[in-house]
Amino acid sequence: MSAASTPAAGAPAGPGVVTEAGRIPSPVRAFGRLFGAELRLVLLRRRNLLLLAVTAVFPLIIGIALRLSAPRPQGGNGAGVAFFNQLSGNGVFLTFIALSTLLILVLPVVVAVVAGDSVAGEAGYGTLRYLLAVPAGRTRLLAVKYGVIVTFGLCATFIVSAVALAAGAALFPVGPVTLLSGTTVSLAAGLVRLLFVTLYVAVAMAALGAVGLAISTLTEHAIGAIAAIAIIVVTSEVVDSVPQLAAVGPYLPTHWWLSFDSLLRAPVDTSALLHGLLSFAVYALLFCSFAWARFTSADVTS
Amino acid sequence: MTATTAPAATDTATAAPAISSSGLTKRFRGGQVAVDHIDLAVPQGSVYGFLGPNGSGKTTTIRMLLGLAFPTTGSAALLGVAMPDGATRVLHRVGSLVEGPAFYPFLTGADNLARYDAADRTADPATARARIQAALDRVGLLAAAKKRYRNYSLGMKQRLAIASGLLRPRELIILDEPTNGLDPQGTREVRALIRQIAADGTTVFVSSHLLAEVEQICTHVGVMRTGALVFQGPLPELRRTGAARVTVQTADPEAAAKVLTALGLADAQVTAAEGATAAEAAAILGDASPEKVCAELVQAGIGVRGFAVTAPSLEDLFVGLTGEGFDVSG
């Protein structure tokens, strides 16, 4: 795009050219600069810091609550239940309990806030027209926005895992990990599995972020976009829990989120994992394409 | 205009109009035509006043020029580069203020500018700090650089928006209502700033609904009325479009009006005496020479008490082109 040069004065002939304003950076470096600036803005924004702090507090509360109450081997009726029985024996399991609990609403809402705000927030402030007049480039700006959403989701997910791991280690004994299938692996191997579980959840949040990005391009009211994403998540979870609607289950955005428990079995149930990753990839691709089609063709009227 | 040799071709490229459009039209989804086939021609180096009442399509036109909105039909070009396709190739040579300032309220003025500078893929990060300081200095906001935008006064916000257009050396600056909401002092400052920018050789395209604001600084004007460009050209040309009138003060205005009509002057009118004002006869001067008209009047035995040739004020011309207030259609 920047390769086409015009003979007029001041036009860039390409990267590395020195003009009166200085050296024109390479496209990769310029992209990195914008990404860095946007990421800093999102990560240092007080509202988002508060969200991350809340995300970090949850594993602590769950850990303390579970430590105070005696473990009940037969209790509960949710998807994450299997881990609860393991917790008293190994603090590492607090991470899986925290992730599966927060995946119901807290993590999706945290991602929804940043994703819903990404484009709609700029439109609401009116800063979108100035960014495009800079020119940031519509496709480039959207790519940066999505990259920031994915990174933020990754941060939130890793914060949950890290805090839960620390709390688990402090509150419960830690040692070789007995998997859900009954086999015991070393602590190191257990932590590697935890890393993959966390990454899997981050990918799930990245797919949700794409849905959020698409919705964000449709409005200039960030709060509306955020609410819409939260409603989609809850609706999907409700529909997924109705047995009569089991046929549509695998196609729902939230259906595969908890499939990370496959990673806690030996051998690993790769079919569920791959189905999940495929679902996330399709959702991300579909909704990023939609966001792109919309964002590159719509008038900016805000 | 056809170039025959290579150097000449380069010349025509650099001399491409700063802004041009042909048949530029925007029809909103509701069917309302906001901009109706306008052909803009903004010469390089000019200060172009884009005039028209509120709601006449100025901002929609500017949004199309900057590639923010897509035209329904027609085309536009900035510095010879077609918009909106060439947006990423040309907009870094264009500074703009569109429909009021817009920044993040929780960031400082300097941080807000840094954000926009980071979005510019052709800006050198090494010089960013210096360029931001220089832009803030130029609009007199250096002292408020570290203040949050939310605490800025309206005038400071407006000036910060202008500063964002000055982060790099520009060939064209597009300012949409730059003095909106400013007090007289702020208006003067902005006007001085525009003069300064223009003095550096930058083409300035400034939209306004206030004629007085534009009259003092512009070399060219375009006048919009309900989406159509009803006049475009150098400011003196707009003045010339106004028909000068000859006014005769006399005790016998009817007889004077007859003489004027006999001399071929159109639209002869009579105004009766009113208080201290003497009775008048007036008509459009047209091609007739005032000296001859005066002599003929005297020859016809009219007692001429006063004789004047008046050109209409720019204000009158403007209102004549755009209509009186409160009749914005659509």
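Look up a bit, the structure's there.
Cut-off values and rules
- For every chain, the first residue of the written sequence is number 1, and numbering continues from 1 onward in sequence order.
- Think of it this way: whatever chain is written first is A, whatever ligand is written first is 1, and the rest follow in order.
- Restriction of local features to residues with pLDDT of at least 70 applies here, the model being predicted, together with a cutoff of 80 or more for giving and counting side-chain atom pairs; totals for whole chains, interfaces and linings are based on all residues.
- With hydrogens and water set aside, each side-chain value is computed from the structure's full complement of heavy atoms.
- By definition in these notes, contact holds between two residues if any of their heavy atoms fall within 4.5 Å.
- Note: buried area is the sum, over both parts, of the accessible area (probe 1.4 Å) each one loses when the two are combined.
- Whenever a carboxyl oxygen of Asp or Glu lies within 4 Å of a side-chain nitrogen of Lys or Arg, that contact is scored as a salt bridge.
- Here a polar contact means two N or O atoms within 3.5 Å. Within protein one must be a hydrogen donor candidate and the other an acceptor candidate, and residues neighboring in sequence count only if both atoms are side-chain atoms.
- Under the DSSP-based scheme used, a helix requires at least four consecutive residues in state H or I and a strand at least two consecutive residues in state E, with every element numbered from the N terminus.
- Exposure is judged per residue with a 1.4 Å probe applied to protein chains only, and the accessible area is read against the type maximum: over 50% gives exposed, under 20% gives buried, and values in between give partly exposed.
- Of all possible arcs, the one meant is that of the directions from the helix axis to the C-beta atoms.
- Here, strands pair whenever DSSP counts at least two bridges between them.
- Axes here refer to lines fitted to C-alpha atoms; in helices the fit is confined to the stretch in contact. Angles between the N-to-C directions go from 0 to 180 degrees.

Participant: In this structure, what is going on with the interface of chain A and chain B? I would like to understand it.
Facilitator: Reports of interface size often rely on the accessible area that becomes lost once the parts have come together. Taken together, the contact pairs 47 residues of chain A with 50 residues of chain B. Buried surface at the junction of chain A and chain B, both sides included, amounts to about 4100 Å², of which 59% is carbon and sulfur. Three residues stand out in chain A for area buried against chain B, namely A:Arg33, A:Arg129 and A:Tyr130, and they jointly supply 18% of the buried area on that side. Inspection of the chain A/chain B interface yields 4 salt bridges. Across the salt bridge formed by B:Arg115 and A:Glu38, the nearest N and O atoms sit 3.1 Å from each other. The tally of links from chain A across to chain B stands at 16 residue pairs in polar contact (both at pLDDT 80 or more). Taken together, the elements giving at least two residues each to the side of chain A that touches chain B come down to β2 (22–23), α1 (27–44), α5 (106–125), α6 (127–133) and α7 (138–171) of chain A.

Participant: Just to check I follow, could you spell out the pattern of salt bridges for this structure?
Facilitator: Pairing between side chains becomes possible if they bear opposite charge and their charged atoms approach one another. Residues and elements named next belong to chain A. On inspection of all chains with the given rule, the structure shows 16 salt bridges over all chains. Residues Glu-38 and Lys-145 are paired through a salt bridge, measuring 3.1 Å at the closest nitrogen-oxygen approach. Here the residue Glu-38 occupies a position in helix α1, and Lys-145 occupies one in helix α7, the gap between them amounting to 107 residues. Lys-145 carries the same exposure label as Glu-38, and that label is buried.

Participant: Would you take a moment to explain helix α5 (residues 128–138) of chain B for this structure?
Facilitator: Side chains of residues three or four places apart in an α-helix project in the same direction, reflecting 3.6 residues per turn. Among the residues of α5(B), those classed as buried are B:Ala128, B:Arg131, B:Ile132, B:Ala135 and B:Leu136. Down the axis of α5(B), the buried side of the element spans an arc of 135°, and every buried residue falls inside it. Facing away from the buried side of α5(B) by over 90 degrees, the exposed positions are B:Arg129 and B:Ala130. Among the structural elements, α1 of chain A together with α4 (109–119) and α6 (154–164) of chain B are those in contact with the buried residues of α5(B). Among the residues trailing α5(B), B:Gly140 stands out with phi positive, at a value near 75°.

Participant: I keep staring at the sheet that holds strand β9 (residues 203–208) of chain B and nothing clicks. Help me out?
Facilitator: In a beta sheet, neighbouring strands are held together by backbone hydrogen bonds and run either parallel or antiparallel to one another. Residue and element names in this part refer to chain B. An order of β7-β8-β9-β4-β10-β11 is seen for the 6 strands of this open sheet, with the pairing classed as mixed. For this open sheet the edge positions go to β7 (94–97) and β11 (228–234), each flanked by a neighbour on one side alone. Between one strand axis and the next, the sheet turns by 10° as a mean value, whatever way the strands run. Both strand β8 (residues 172–176) and β9 contribute to a ladder of 5 bridges, which runs parallel. Paired with Asp-176 across the strands is Ser-207, a residue of β9. With respect to the sheet, α6 is in contact with β7 and β8, its orientation differing from that of β7 by roughly 165°. Across the sheet, helix α12 (residues 314–322) touches β4 (47–51), β10 (220–225) and β11, and the angle it forms with β10 is around 35°.

Participant: Explain the sheet that holds strand β15 (residues 304–310) of chain B here, please?
Facilitator: Residue and element names in this part refer to chain B. Pairing is antiparallel in the open sheet, where 4 strands are placed in the order β13-β14-β12-β15. Both outer strands of the open sheet, β13 (266–271) and β15, are each paired with one neighbouring strand and no more. For this sheet, the mean inter-axis angle between neighbouring strands, taken without regard to orientation, is 15°. In the sheet, strand β12 (residues 245–250) pairs with strand β14 (residues 280–284) via 5 bridges, with the strands oriented antiparallel. Within the sheet, the bridge partner assigned to Val-248 lies in β14 and is Ala-281. Contacts from helix α10 (residues 253–262) reach β12, β13 and β14 within the one sheet, and its direction differs from that of β14 by about 15°.

It is worth stressing that arrangement in space is one thing and function is another; only the former is reported here.
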